[in-house]
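One-letter residues, chain by chain:
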Amino acid sequence: MKDEGKQRRRLETGTLARVAVFTALIAVMGLPGTLNVFGNAVPITLQTMGVMLAGAILGTWRGALAVLVLYVLVAAGLPLLAGGRGGLGVFTAPSAGFLIGWLPGAALTGWLVERAGRSPSTLRLFLASVAGGMGVVYLFGIPIQALVSGASLGAAAGLTLVFVPGDLIKAALTAVVVRGVQRAYPDAVPAVHQERLRAGEER
């Protein structure tokens, strides 16, 4: 029983460390700032790539937890979003839907990667990143932007088209980076991590 307790504490410590690292990574990727184009109130940032990376490396619930921790810190007023934004006001801005979409986006990316097996291909990682980091984020972002800004759904969707090329590049970079990390560090494969959790291991 004592050994089981130590093992559980190691599991919890390892999980918290990984979640904290990716929360910090998403925040750091906001340092380059924001870019608003064509009058769109929703800025272009690198932070969506951090969300893709979190989901693809941490898996479903740990990836989502990393984003949730970021939400809590941002809501507390820390300027962790691109452009030094923070506070509750960011959750009512035109970009709020895209921000809210990060959590389910990371979760879906992780869920898809988990089901890609012990050695997910670069293509599978790319498609998972597109589905979660783009599809889900847009699904939340477009209607909420339309609601907050008073624009039509079609107009909001049209404004979002400017994000597509950059987000596809982010998804491709995520796939390449994650594949490299997983080759060097097998624990970075969510399916492998889950197997070790079931076996009661943690490295």
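### Concerning the overall build of the protein chain
Phase 1: The secondary structure content of the protein chain amounts to 8 helices and 0 strands.
Phase 2: For the protein chain, the succession of helices and strands along the chain, N to C, is α-α-α-α-α-α-α-α.
Phase 3: By sequence separation, contacts in the protein chain at least 24 residues apart represent 70% of the contacts at least 6 residues apart.
Phase 4: Element-wise, carbon and sulfur atoms account for 70% of the exposed surface of the protein chain, whose accessible area totals about 9,700 Å².

### Thoughts on the packing of helix H4 (residues 96-114) against helix H5 (residues 122-149)
Axes are the key here: two packed helices are described by the angle between their axes and the distance separating the axes.
Phase 1: Here H4 crosses H5 at 155°, and the two axes come no closer than 7 Å. Classed by the angle they form, the pair H4 and H5 counts as roughly antiparallel. The two elements H4 and H5 cross, and the hand of that crossing is right-handed.
Phase 2: In terms of residue class, the contact of H4 with H5 is made up of 17 nonpolar, 9 polar and no charged.

### With respect to the nonpolar core
Phase 1: Ranked by internal contacts, the top residues of the largest apolar core, which has 39 residues, are Phe22, Ile26, Val67, Leu70, Leu81, Phe98 and Trp102.
Phase 2: In this structure, Ile26 is in contact with Gln47, Gly50, Val51, Ala54, Val67, Leu70 and Trp102, ignoring residues within four places of it in sequence.

### Here we look at the packing of aromatic side chains
Phase 1: Tallying each qualifying case throughout the model produces 3 aromatic pairs.
Phase 2: Between Phe98 and Tyr138 the ring centres are 6.5 Å apart and the planes differ by 75°, which places this aromatic pair in the edge-to-face class. In this pair, Phe98 sits in helix H4 while Tyr138 sits in helix H5, placing the two residues 40 residues apart along the sequence.
Phase 3: Note on Phe98: relative accessible area 8%, which makes it buried.
Phase 4: Ring pairing ties together the aromatic residues Phe98, Tyr138 and Phe163, which thus form one cluster.

### What about the pattern of salt bridges?
Phase 1: This model, assessed by the stated rule, comprises 2 salt bridges.
Phase 2: Between Arg115 and Glu114 there is a salt bridge, with its nearest N and O atoms 3.3 Å apart.
Phase 3: Residue classification places Arg115 among the partly exposed positions, given a relative accessible area of 47%.
Phase 4: In this structure, Asp167 engages Lys170 in a salt bridge whose closest nitrogen and oxygen atoms are separated by 3.1 Å. In this pair, Asp167 and Lys170 both sit in helix H7 (residues 164-184), 3 residues apart, roughly one turn of the helix.
Phase 5: The class of Asp167 is buried, set by a relative accessible area of 7%.
Phase 6: With relative accessibility at 9%, the residue Lys170 sits in the buried group.

### Comments concerning the packing of H5 against helix H6 (residues 153-160)
Phase 1: Where H5 meets H6, the closest approach of the two axes is 8 Å, and the angle between their N-to-C directions is 130°. Comparing their axes, H6 and H5 come out oblique. Considering the relative orientation of H5 and H6, their crossing is right-handed. On the side of H5, the interface is formed by Tyr138, Ile142, Pro143, Gln145 and Ala146, while H6 contributes Leu153, Ala156, Ala157, Leu159 and Thr160.
Phase 2: Split into classes, the residues belonging to the contact of H5 with H6 amount to 8 nonpolar, 2 polar and no charged.

### Structural notes on the layout of surface pockets
Over the atoms a probe the size of a water molecule is rolled, and this reveals where empty space is left.
Phase 1: When its volume is computed, the largest pocket comes out at roughly 240 Å³.
Phase 2: Considering the residues around the largest pocket, the lining is formed by 20 residues, among which Val42, Pro43, Thr45, Thr48 and Phe98 are closest to the centre.
Phase 3: Where the lining of the largest pocket is concerned, the elements lending two or more residues are helix H2 (47-58), H4, H5 and H7.
Phase 4: Its residues assigned to classes, the lining of the largest pocket comprises 12 nonpolar, 5 polar and 3 charged.

### Concerning H2
Phase 1: Compared with an ideal rise of 1.5 Å per residue, which puts 12 residues at 16 Å, H2 spans 16 Å between its outermost C-alpha atoms and is within 8% of the ideal.
Phase 2: With 12 of 12 residues buried, H2 is to be regarded as a mostly interior element.
Phase 3: Of all the positions in H2, only Gln47, Thr48, Met49, Gly50, Val51, Met52, Leu53, Ala54, Gly55, Ala56, Ile57 and Leu58 are classed as buried.
Phase 4: At the C-terminal side of H2, Gly59 shows a positive phi close to 95°.

Definitions and cut-offs
Along each chain, numbering runs from 1 in the same order as the chain's sequence is written. The model is predicted, so local features are restricted to residues of pLDDT at least 70 and side-chain atom pairs to those at 80 or more, both for listing and for counting; the totals for chains, interfaces and linings are taken over all residues. Hydrogens and water are ignored here; the side-chain numbers use all heavy atoms of the structure. A run of H or I in DSSP becomes a helix once it reaches four residues, and a run of E becomes a strand once it reaches two; helices and strands are each numbered from the N terminus. We call two residues contacting when some pair of their heavy atoms lies within 4.5 Å. For the area figures, the Shrake-Rupley method with a 1.4 Å probe applies, and any residue is considered shielded solely by the protein chains shown. Each axis is a line fitted through C-alpha atoms, and for a helix only the stretch in contact is used; angles between axes span 0 to 180 degrees, taken between their N-to-C directions. Throughout, the term roughly parallel applies to angles under 35 degrees, roughly antiparallel to angles over 145, roughly perpendicular to angles from 65 to 115, and oblique to all others. Crossing chirality is assigned from the near helix's rotation relative to the far helix, an anticlockwise turn below a right angle marking it left-handed and a clockwise turn marking it right-handed. Each residue receives one of three labels: charged for Asp, Glu, Lys and Arg, nonpolar for Ala, Val, Leu, Ile, Met, Phe, Trp, Tyr, Cys and Pro, and polar for the others, Gly being one of them. Grouping buried Ala, Val, Leu, Ile, Met, Phe, Trp, Tyr and Cys residues that are joined through side-chain atoms within 4.5 Å yields what is termed a nonpolar core. When accessible area is computed with a 1.4 Å probe and restricted to protein chains, residues below 20% of their type maximum are described as buried, those above 50% as exposed, and intermediate ones as partly exposed. Each Phe, Tyr or Trp ring, with Trp reduced to its six-membered ring, pairs with another whose centre is within 6.5 Å; inter-plane angles below 30 degrees give stacked pairs, above 60 give edge-to-face pairs, and intermediate values give tilted ones. When a carboxyl oxygen of Asp or Glu lies within 4 Å of a side-chain nitrogen of Lys or Arg, that pair is called a salt bridge. Cavity and pocket criteria rest on a 1 Å grid covering protein atoms alone: a 1.4 Å probe that fits but cannot get out defines a cavity, protein on both sides within 12 Å along at least 5 of 7 lines defines an open pocket, and an atom within 4 Å of a point defines a lining residue. Grid points are joined across faces, edges and corners, and a volume is the space filled by probe spheres set on the points. Given the number of residues in a helix, its expected span is that number minus one, multiplied by 1.5 Å.

This is a description of form; function is not addressed.
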